[in-house]
2 protein chains.
Amino acid sequence: MSDFHELIQFIRSEVNRDLKRFPLPESPAYLYNPIRYTFRGSGKRFRPILVHLSGRAFHVDPDSLMKISLATELLHNFTLVHDDIMDHDDLRHGQKAVHKKWDESTAILTGDGLFAIAQILLNNLPERSNNICRFFNEATLEVCEGQALDKEFENDITISVEQYLSMIEKKTGALLGACAALPAILIGRDKDTIDALDQFGRNLGKGFQIHDDLLEIYGDADTMGKSLGSDIYAGKQTLMVIMARENDSRELSEMLNEVNNYSLEVMQNYFTKSGIEKDTKKMARGFFDIARSYLEKIEKIDRSELINFIELVEKRKN
Amino acid sequence: MSDFHELIQFIRSEVNRDLKRFPLPESPAYLYNPIRYTFRGSGKRFRPILVHLSGRAFHVDPDSLMKISLATELLHNFTLVHDDIMDHDDLRHGQKAVHKKWDESTAILTGDGLFAIAQILLNNLPERSNNICRFFNEATLEVCEGQALDKEFENDITISVEQYLSMIEKKTGALLGACAALPAILIGRDKDTIDALDQFGRNLGKGFQIHDDLLEIYGDADTMGKSLGSDIYAGKQTLMVIMARENDSRELSEMLNEVNNYSLEVMQNYFTKSGIEKDTKKMARGFFDIARSYLEKIEKIDRSELINFIELVEKRKN
């Protein structure tokens, strides 16, 4: 795996370099300063990395891959800038969120500009730009739907595990599916291959999000860069909370009452003893396994790096 | 002209009908209810009408024209929904603005969804979708730049007429330029024709916006559906205010002090007597004339309806 980790580092630094030198006008500063600012955030660049790895699996021209990968990162940043306004999140990628550093109007326009630039990047692809854009924009609309469901689910304590999974597939899975599928679309691969790559990405995304819910309780506070358990403490419905409610809603209420004086240990003990930690890990592993099985279905593909990427996501500590 | 007015009415009602029956999912209601709501607003549909007229001038297939025209209207609505949040405007097209009817989060996501759907419409064009999308998205980024300049100019009393014109060209002209040019791009017309159509639309847009500034003071309050002079009373910089300041800033200040007890008559007298009304009308007419001259340059075009459209915009009362 050490070669693989070097490759990931290399792709990440190339993406960061291209973001840093991304050609943007100076004026209007109201629009382009905050866009440049989002490029400097310390994102993990999972989406552009996935585009590059998926493209390498089909030996796709790296120049086109870079355009597609930057478009996915810009699209992702656009949704984060807008989501942070909606969710009142004040920190993003190690720096103040745009709506805090400037104001909400600036953040709305920054997101809009990022979206438009992402489109222009794809419109400038030398071939099959049309198919690429259609897939990309259908995924984008699904990301909007996912965020809408997330907002609908706030304070709704009747949400089922199934509804939660459908929400995260749209909010996180659809774009990862697009990242995986776009390089194959670019070179005109068949529909079965594209569907399998899309499903690989969607299931990877679901595993990724569930793993996130686990890290929120069982992660390492230092590497996570946030106080653990804060989402659940704030009343957010993570998968584990929904599973706990479906399991025994009285017991969950008692635990949540007990952590009124915030105690991570009480939460950890509760989820471990009730078996929910184990069930959640099992569910995440299930989605990662499904992701792997979709890769197995694809013919004429060099899938080793994508398999390694699943492992990287599955084992990540932050 | 009566045939022409019937044609405009016909196109408008076809656009409204297509918006009303636009295929959208029911769920998530958080996203699609407000999108449907924006479709019911009483917009003038100038942009889609311009697309149809420009397409008719080149005998372009009406089905593709309808897709392009709906995309421009959705794009326009997306920018209005977001601008209304930024500008604290509570009414739009005869109904509450989305951020007032629901809330800001809903309005942000509604705009994002409209933008994505506009893209998908264009991605589904049967041919030259790539060139269409590139032109459309470059215009969209310019609209964002225009809104950014508008925000930068707020409370800046050093703005010149030239800066103002550059702002409205981006904010209003770029999209009208795209509306005029896209049908010719669709059928693969030459670059000179496309540039001339773009310039025709941009100058039409500047004339349109300056005419708007005039209506704000000299329009008919009933047909305008708003109280006249309110923008200037609120301290907004319209072209006439900027011209007045460049002319004699002391005199302008005195007038603005005088209308502290809001008086439309004082404003009207001031702009008329100082000759600014006349200069502004002259400038608007100048841009409409430039728009006409660009149409004259184009070969193999049936330009009569576009000429009529300029006249319609030039003489509109609301």
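Thresholds, definitions, all that
- Residues numbered from 1 in each chain as written.
- Chains lettered and ligands numbered in written order.
- Predicted model: local features only at pLDDT ≥ 70, side-chain atom pairs only at ≥ 80, totals over all residues.
- Heavy atoms only, no water.
- Helix = DSSP H or I, 4+ residues; strand = E, 2+ residues; numbered from the N terminus.
- Polar contact = N/O pair within 3.5 Å; in protein donor to acceptor, adjacent residues only side chain to side chain.
- Contact = heavy atoms within 4.5 Å.
- Buried < 20%, exposed > 50% of the residue type's maximum accessible area, 1.4 Å probe, protein only.
- Axes fitted to C-alpha atoms, helices over the stretch in contact; angles between N-to-C directions.
- Parallel < 35°, antiparallel > 145°, perpendicular 65-115°, else oblique.
- Nonpolar A, V, L, I, M, F, W, Y, C, P; charged D, E, K, R; others polar.
- Least-squares fit on C-alpha atoms with pLDDT ≥ 70 in both.
- Salt bridge = Lys/Arg side-chain N within 4 Å of Asp/Glu carboxyl O.
- Phe/Tyr/Trp six-rings, centres within 6.5 Å; stacked < 30°, edge-to-face > 60°.
- Lys NZ or Arg CZ within 6 Å of the ring centre and 35° of its normal.
- pLDDT = per-residue confidence, 0-100.
- Core = buried A, V, L, I, M, F, W, Y, C linked by side-chain atoms within 4.5 Å.

## Topic: the side chain of histidine 99 of chain A
All names here are of chain A.
Stage number 1. For histidine 99, the location among the structural elements is in helix α5 (residues 98-101).
Stage number 2. A distance of 3.2 Å separates the side chain of histidine 99 from the backbone oxygen of aspartate 84, its partner in a polar contact.
Stage number 3. The residues contacting histidine 99, other than those within four sequence positions of it, are Asp84, Ile85, Asp89, Asp90, Glu104 and Ala107.

## Topic: the environment of tyrosine 218 of chain B
All names here are of chain B.
Stage number 1. Relative to the elements of secondary structure, tyrosine 218 occurs in helix α9 (residues 191-218).
Stage number 2. The class for tyrosine 218 is partly exposed, based on a relative accessible area of 25%.
Stage number 3. Taking the C-alpha atoms as reference points, tyrosine 218 and glutamate 265, 47 residues apart in sequence, are found 9.8 Å from one another.
Stage number 4. Discounting residues that sit within four places of it in the chain, tyrosine 218 has contacts with Met240, Gln268, Phe271, Thr272 and Glu277.
Stage number 5. Looking at tyrosine 218, its side chain comes within polar contact range of the main-chain oxygen of glutamine 268, at 3.1 Å.
Stage number 6. Here the side chain of tyrosine 218 touches threonine 272 through a polar contact of 2.8 Å, side chain to side chain.

## So, the packing of helix α6 (residues 104-123) of chain A against helix α7 (residues 129-153) of chain A
Residues and elements named next belong to chain A.
Stage number 1. One way to put it is that α6 packs onto α7 with a least axis distance of 9 Å and a crossing angle of 155 degrees. The angle between α6 and α7 falls in the class roughly antiparallel. Two secondary-structure elements touch here, α6 through Phe115, Ala118, Gln119, Leu122 and Asn123 and α7 through Ser129, Ile132, Cys133, Phe136, Asn137 and Thr140.
Stage number 2. Across the contact of α6 with α7, the residue classes break down as six nonpolar, five polar and no charged.

## Regarding the relation of the copies chain A and chain B
Stage number 1. The two copies are related by a screw motion: chain A maps onto chain B through a turn of 180 degrees and a shift of 0.0 Å along the axis, at an RMSD of 0.0 Å. The transformation just described matches what one would write down for a two-fold rotation axis. Of the C-alpha atoms belonging to chain A, the one lying closest to the rotation axis is found on asparagine 130 of chain A, 2.8 Å away.
Stage number 2. Here 100% of the interface residues in chain A have copies in chain B that are interface residues too; the copies meet face to matching face.

## Some details on the pattern of salt bridges
All names here are of chain A.
Stage number 1. Under the definition given, this model contains 44 salt bridges over all chains.
Stage number 2. Arginine 316 is the partner of aspartate 212 in a salt bridge, and the nearest nitrogen-oxygen pair spans 2.7 Å. In this pair, aspartate 212 sits in helix α9 (residues 191-218) while arginine 316 sits in the segment after α15 (304-315), placing the two residues 104 residues apart along the sequence.
Stage number 3. With relative accessibility at 27%, the residue aspartate 212 sits in the partly exposed group.
Stage number 4. Connected through salt bridges with shared partners, the residues Glu142, Glu169, Asp198, Arg202 and Lys206 form a single ionic network.

## Considerations on the interface of chain A and chain B
Stage number 1. Contacts between the two partners involve 39 residues from chain A and, on the opposite side, 39 residues from chain B.
Stage number 2. Seen at the junction of chain A and chain B, the total is zero salt bridges.
Stage number 3. Taken together, the connections running from chain A to chain B amount to 16 residue pairs in polar contact (both at pLDDT 80 or more).
Stage number 4. Secondary structure elements with two or more residues in the side of chain A that touches chain B: α2 (29-39), α4 (62-86), α6 and α7 of chain A.
Stage number 5. Considering every element that reaches the side of chain A that touches chain B, the biggest residue donor is α7 of chain A, with 15 residues.
Stage number 6. Looking at the side of chain A that touches chain B residue by residue, the class counts come to 21 nonpolar, 11 polar and seven charged.

## Considerations on unusual backbone geometry
Residues and elements named next belong to chain A.
Stage number 1. Across the junction of serine 27 and proline 28, the peptide omega takes the value 0 degrees, indicating a cis bond.
Stage number 2. Considering the arrangement of structural elements, one finds proline 28 in the loop between α1 (2-20) and α2.
Stage number 3. One non-glycine residue, arginine 45, lies in the positive phi region at around 60 degrees.
Stage number 4. Turning to its location among the elements, arginine 45 is positioned in the loop between α2 and α3 (46-57).

## Side note on the packing of aromatic side chains
Stage number 1. Under the defined criterion, the tally for this structure stands at 13 aromatic pairs over all chains.
Stage number 2. Between phenylalanine 22 of chain A and phenylalanine 39 of chain A, the ring centres sit 5.6 Å apart and the planes meet at 65 degrees, which makes this aromatic pair edge-to-face. Taken together, the positions of phenylalanine 22 of chain A in the loop between α1 and α2 and phenylalanine 39 of chain A in helix α2 put the pair 17 residues apart, joining distant regions of the chain.
Stage number 3. With a relative accessible area of 6%, phenylalanine 39 of chain A lands in the buried category.
Stage number 4. Put simply, the rings of Phe78 and Phe115 of chain A together with Phe78 and Phe115 of chain B pair up and form one aromatic cluster.
Stage number 5. In this arrangement the basic side chain of arginine 316 of chain A is found over the ring face of phenylalanine 208 of chain A, its NZ or CZ atom lying 4.1 Å from the centre.

## Structural notes on the confidence of the model for chain A
Residues and elements named next belong to chain A.
Stage number 1. Of all residues in chain A, 98% attain a pLDDT of 70 or more, and the chain-wide mean is 93.
Stage number 2. At the level of individual helices and strands, chain A shows its lowest average pLDDT in helix α10 (residues 221-224), which scores 69, and its highest in α3, which scores 98.
Stage number 3. Taken together, the chains of this predicted complex give a pTM of 0.95 and an interface ipTM of 0.95.

## Re the nonpolar core
Stage number 1. Residues Phe271 and Phe309 of chain A together with Phe271 and Phe309 of chain B are the most contacted members of the largest nonpolar core, which totals 217 residues.
Stage number 2. Contact partners of phenylalanine 309 of chain A, with chain neighbours within four places excluded, come to Phe4, Ile8, Phe46, Ile49, Leu50, Leu53 and Leu204 of chain A.

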